[in-house]
Structures are given as structure tokens and as C-alpha cells.
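Listed below, chain by chain, are the residues.
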Amino acid sequence: MTRIEDKTTVDHDFEGVGQLAPGERQASLLVYHRDGVKVVPLGEGRPAVVGRAWPADVVVPDLSLSRQHVKLTWTGDHVEVEDLGSTNGTRVAGETIREARVAPGESIVLGAVTLSVNVAGAGQGLIRGIDG
């Protein structure tokens, strides 16, 4: 069995992740792919590119993705999604998009990969049921 190594290159500071001050919120990108689920912190206002190869920030080795497929930017109350000219497109609510705004929890489909943004406030785990 071949093991796929995680090649995610997000340069966000992981120190203090999951430990929020009152009123503070944290966003995480959940990437559902054939080999499992990847959870990546999203910094507010800091774009993250998802694709199948470096120099994408979040690398998912799936041939249905373009090398640099989509750029996501969390703004605090929504996520800006921009397709980067991918071959298989980006879909939100079943519609192929070039750019879109999505609310936390809404699904973003890239080929065979599904993304979702989870936002947690102080006193909550980054993912429901997981303490920070």
C-alpha cells in the first residue's frame, strides 16, 4: 500500500490554535478527499490556495484537481471563493462558479474533493466534538 504524505504548505502560525479569547473566532478549512479529511486553519484575510501540487498552500494529491484549483479567503462573516481557471471547475450549491461568497458550513466542490469552512467561537472546539 502506497502512503501519501501530507504536502500542505500553509504558513499560518499554529501556536494558540483552538485557544480563543472571549468573542474571538477561528476558521478551519475541512478538505474531504478519497484518502480522508484534512483540517487546515484559515487566517482571516489570508488567502489559501487549494490544489493538487505545490505551490498550492493546501495540497491534495487528487487528479480531479488542477495544480492550483481555487483560492479561498475568510473575511470574518463569509468566505470569498475564486476558481483559478481549473480544468474541472468549482461548484457551489450545484452551480459552476468563477467567484462566489459562501457562508461557513456551505460546501464547495472541486472535482472529487469537497471543502467546507468551519468557524468556532471561544469555548468551542475547532470542529464540533473536538476540544482545542
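What this report covers is the structure whose coordinates are included nearby.

### A word on the nonpolar core
Right, on to step 1. Formed by 24 residues in total, the largest nonpolar core has its most connected members in Leu29, Val50, Leu72, Val81, Ile108 and Leu115.
Right, on to step 2. Those elements giving two or more residues to this core turn out to be strand E1 (25-33), strand E2 (36-42), strand E3 (48-51), strand E5 (70-74), strand E6 (79-83), strand E9 (99-102), strand E10 (107-110) and strand E11 (113-121).
Right, on to step 3. With sequence-adjacent residues up to four places away left out, Leu29 is seen in contact with Lys38, Val39, Val40, Leu42, Val50, Val58, Leu72, Leu115, Ser116 and Val117.

### Brief notes about the side chain of Asp62
Right, on to step 1. By the secondary structure assignment, Asp62 is in the loop between strand E4 (58-59) and E5.
Right, on to step 2. For Asp62, a relative accessible area of 6% puts it in the buried group.
Right, on to step 3. Within the structure, the side chain of Asp62 is placed 2.6 Å from the side chain of Ser64, a separation counted as a polar contact.
Right, on to step 4. With near-sequence residues (within four places) excluded, Asp62 lies in contact with Arg34, Arg52, Ala112 and Val113.

### Describing unusual backbone geometry
Right, on to step 1. Residue Pro55 is reached from Trp54 by a cis peptide bond, and omega for that bond is 20°.
Right, on to step 2. Relative to the elements of secondary structure, Pro55 occurs in the loop between E3 and E4.

### Topic: a nonpolar patch on the surface
Right, on to step 1. Taken together, Tyr32, Val37 and Val39 make up a surface patch of nonpolar side chains, about 250 Å² in accessible area.
Right, on to step 2. Relative to the assigned elements, Val39 resides in strand E2.
Right, on to step 3. Taking relative accessible area as the criterion, Val39 reaches 40% and is therefore assigned partly exposed.

The rules we used
The numbering scheme is per chain: residues are counted from 1 as the chain's sequence reads. For a predicted model such as this one, the threshold for reporting local features is a pLDDT of at least 70, and the threshold for listing and counting side-chain atom pairs is 80 or more; totals across whole chains, interfaces and linings nevertheless cover every residue. Each side-chain value is worked out from all heavy atoms of the structure, with water and hydrogens disregarded. For the purposes of this section, nonpolar cores are sets of buried Ala, Val, Leu, Ile, Met, Phe, Trp, Tyr and Cys residues that join through side-chain atoms within 4.5 Å. Each residue's exposure class comes from its accessible area (1.4 Å probe, protein chains only) as a fraction of the maximum for that residue type: buried when under 20%, exposed when over 50%, partly exposed otherwise. Labels follow the DSSP assignment, with helices taken as runs of H or I lasting at least four residues and strands as runs of E lasting at least two, numbered in each case from the N terminus. In this description, contact between two residues means that some pair of their heavy atoms is separated by no more than 4.5 Å. Contacts described as polar in this section are N or O atom pairs within 3.5 Å, which, within protein, must combine one atom able to donate a hydrogen with one able to accept it, while residues neighboring in sequence count only if both atoms come from side chains. Within the patch definition used here, like charges are joined within 9 Å and nonpolar side chains (Val, Leu, Ile, Met, Phe, Trp, Tyr) within 5 Å, considering only residues with over 30% relative accessible area and no salt bridge. Accessible surface area values rest on a Shrake-Rupley calculation with a 1.4 Å probe, where residue burial reflects the displayed protein chains alone. One side-chain nitrogen of Lys or Arg within 4 Å of one carboxyl oxygen of Asp or Glu is enough to make a salt bridge.

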